[in-house]
Amino acid sequence: MVDALFGESRLAAVYDALDPDRGDLEHYVAIVKEFGATKVLDVGCGTGELACLLAKGGVDVVGVDPAEASLEVARGKEFADRVRWIHGDATTLPPLRVDLALMTGNVAQVFLTDEEWSATLRGVHAALEPQGRFVFETRDPARRQWEEWTRERTHQVRQVTGGETVEAWSDLLSVELPFVSFQGTYVFSSDGAVLTSQSTLRFRERDEVEESLVAAGFVVDDVREAPDRPGKEWVFVARAT
């Protein structure tokens, strides 16, 4: 199931405006350069910010996402015509051979069951060249970041296209580790419409992630801190064997 924030057209259209600070993407651009990758798969590409940024730099990019509404937003961006967009997920990819696969944001945590996560890892592995790399981030459960997902901490009002404003905030719904559920609420000024989007993320421990990667045919070369969230997230660098 796709969260409404990504699958509902009206919410997907304002997603970028509600999350304008994407400094994390520059770190992934740097990782692409670090490994000299020329063909990149962006898994869970969403509205296409990273894919288009890489395409601007001359990288051959494939962006895959299960939310058609988000892909529609992505296709309208500058340099989007240089990206191959696929509606689907890592388990439904056509034959590919890329140097590097990326998953940014919360993508790695939306796979709630072991079966979903394992199938995703196998799909990514199949898309990589031998010795190709898979880089993704996931939150450290010990940091209990969900405690910040309250209306008091997340409330904002942003101006979006056409001069309309959107009031938005998050509410924590439940913590039943390893699962954390929360809800986003969005109020549109033009007509007073109130839309909501419920999400559940799975917080895996570091050794659990490493074991799943090895089982899927990867070697874990490095586990880094996320430069934009030091101490809060791990960035896994794995290599397909």
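The shown structure was predicted, so the numbers you read here are calculated from the model rather than taken from an experiment. (Residues numbered from 1 in each chain as written. Predicted model: local features only at pLDDT ≥ 70, side-chain atom pairs only at ≥ 80, totals over all residues. Heavy atoms only, no water.)

Examining the side chain of Thr185
If you trace the backbone, Thr185 turns up in strand E8 (residues 179-188). For Thr185, a relative accessible area of 6% translates into the label buried. Leave out the neighbours within four places in its chain, and Thr185 touches Glu167, Ala168, Trp169, Asp171, Val194, Leu195 and Thr196. (Helix = DSSP H or I, 4+ residues; strand = E, 2+ residues; numbered from the N terminus. Buried < 20%, exposed > 50% of the residue type's maximum accessible area, 1.4 Å probe, protein only. Contact = heavy atoms within 4.5 Å.)

Considering empty space enclosed by the protein
Think of a ball as big as a water molecule: rolled over the atoms, this probe shows where empty space is left. Taken as a whole and judged by the stated rule, the model has one cavity of 30 Å³ or more. Looking at the largest cavity, the residues that line it are Ala108, Gln109, Trp117, Phe136, Thr138, Arg202, Arg204 and Val209. (1 Å grid on protein atoms, 1.4 Å probe; cavity = no way out; pocket = protein on both sides within 12 Å on 5 of 7 lines; lining within 4 Å. Points joined across faces, edges and corners; volume = space filled by probe spheres on them.)

With respect to the pattern of salt bridges
Counted according to the given criterion, the structure contains 18 salt bridges. A salt bridge links Arg229 to Glu137; the shortest N-O distance between them is 3.8 Å. With Arg229 in the loop between strand E10 (218-225) and strand E11 (233-240) and Glu137 in strand E5 (residues 128-139), the pair connects residues that are 92 residues apart, well separated along the chain. Overall, the relative accessible area of 1% leaves Glu137 in the buried class. For Glu148, the salt bridge identified is with Lys232, shortest N-O distance 4.0 Å. Remark: Lys232 occurs in the loop between E10 and E11 and Glu148 occurs in the loop between E5 and helix H7 (151-154); sequence separation between them is 84 residues. (Salt bridge = Lys/Arg side-chain N within 4 Å of Asp/Glu carboxyl O.)

Quick notes on the packing of helix H2 (residues 9-18) against helix H5 (residues 68-75)
Contact geometry for H2 and H5: axes closest at 8 Å, N-to-C directions at 45 degrees. The angle between H2 and H5 places the two elements in the oblique class. The crossing of H2 and H5 is right-handed. Along its contact with H2, which presents Ser9, Ala12, Ala13 and Asp16, the element H5 presents Ala69, Ser70 and Val73. (Axes fitted to C-alpha atoms, helices over the stretch in contact; angles between N-to-C directions. Parallel < 35°, antiparallel > 145°, perpendicular 65-115°, else oblique. Left-handed = near helix turned anticlockwise from the far one by under 90°.)

Brief notes about the state of the cysteines
With the rule as written, the count across this model stands at zero disulfides. No disulfide involves Cys45; its sulfur sits 8.8 Å from that of Cys52, the nearest cysteine. Under the relative-accessibility criterion, Cys52 is labelled buried at 6%. (Disulfide = S-S within 2.5 Å.)

Structural notes on the sheet that holds strand E9 (residues 194-202)
As summarised here, the arrangement of the four strands in space is E6-E7-E8-E9, forming an open sheet in which the pairing is antiparallel. Each edge of the sheet is formed by a strand with only one pairing partner; in this case those strands are strand E6 (156-159) and E9. With strand direction ignored, the average angle separating the axes of adjacent strands in the sheet is 25 degrees. Across ten bridges, the pairing between strand E7 (residues 165-176) and E8 is antiparallel. In the sheet register, Val175 faces E8, and the bridge partner there is Val180. (Pairing = 2+ DSSP bridges.)

Details of the pairing of E5
Consecutive side chains of a regular strand alternate in pointing toward one face of the sheet and then the other. As paired elements, strand E4 (residues 98-103) and E5 share five bridges and run parallel to each other. Residue Ala101 lies in a different strand from E5, and its bridge partner there is Phe134. Crossover handedness for the path E4 to helix H6 (residues 114-127) to E5: right-handed. With seven bridges connecting them, E5 and E11 associate as antiparallel partners. The residue of E11 that forms the bridge with Thr138 is Trp234. (Right-handed = clockwise from strand over helix to strand, strands pointing away.)

A few points about H5
Of the residues making up H5, those classed as buried are Ala69, Ser70, Leu71 and Ala74. Its buried side turned inward, H5 meets helix H1 (4-7), H2, helix H4 (49-56), strand E2 (60-65) and strand E3 (83-87).

So, the nonpolar core
The biggest cluster of nonpolar side chains holds 30 residues, and the ones touching the most others in it are Leu41, Met103, Phe134, Phe136, Leu213 and Phe218. Those elements that provide at least two residues to this core are strand E1 (39-43), E2, E4, H6, E5, helix H8 (206-215), E10 and E11. Counting 27 residues, the second-largest nonpolar core is a separate cluster that includes Tyr28, Ala51, Cys52 and Ala226. (Core = buried A, V, L, I, M, F, W, Y, C linked by side-chain atoms within 4.5 Å.)

Points about the sheet that holds E1
Overall, mixed pairing links the seven strands, which are arranged E3-E2-E1-E4-E5-E11-E10 in an open sheet. Two strands bound the open sheet, and with one partner strand each, they are E3 and E10. Averaged over all adjacent pairs, the angle separating strand axes in this sheet is 20 degrees, with direction ignored. Set on the sheet, H5 makes contact with E2 and E3; between it and E3 the angle comes to about 165 degrees. Along the sheet, H6 contacts E1, E4, E5, E10 and E11; its crossing angle with E5, the most-contacted strand, is approximately 140 degrees.

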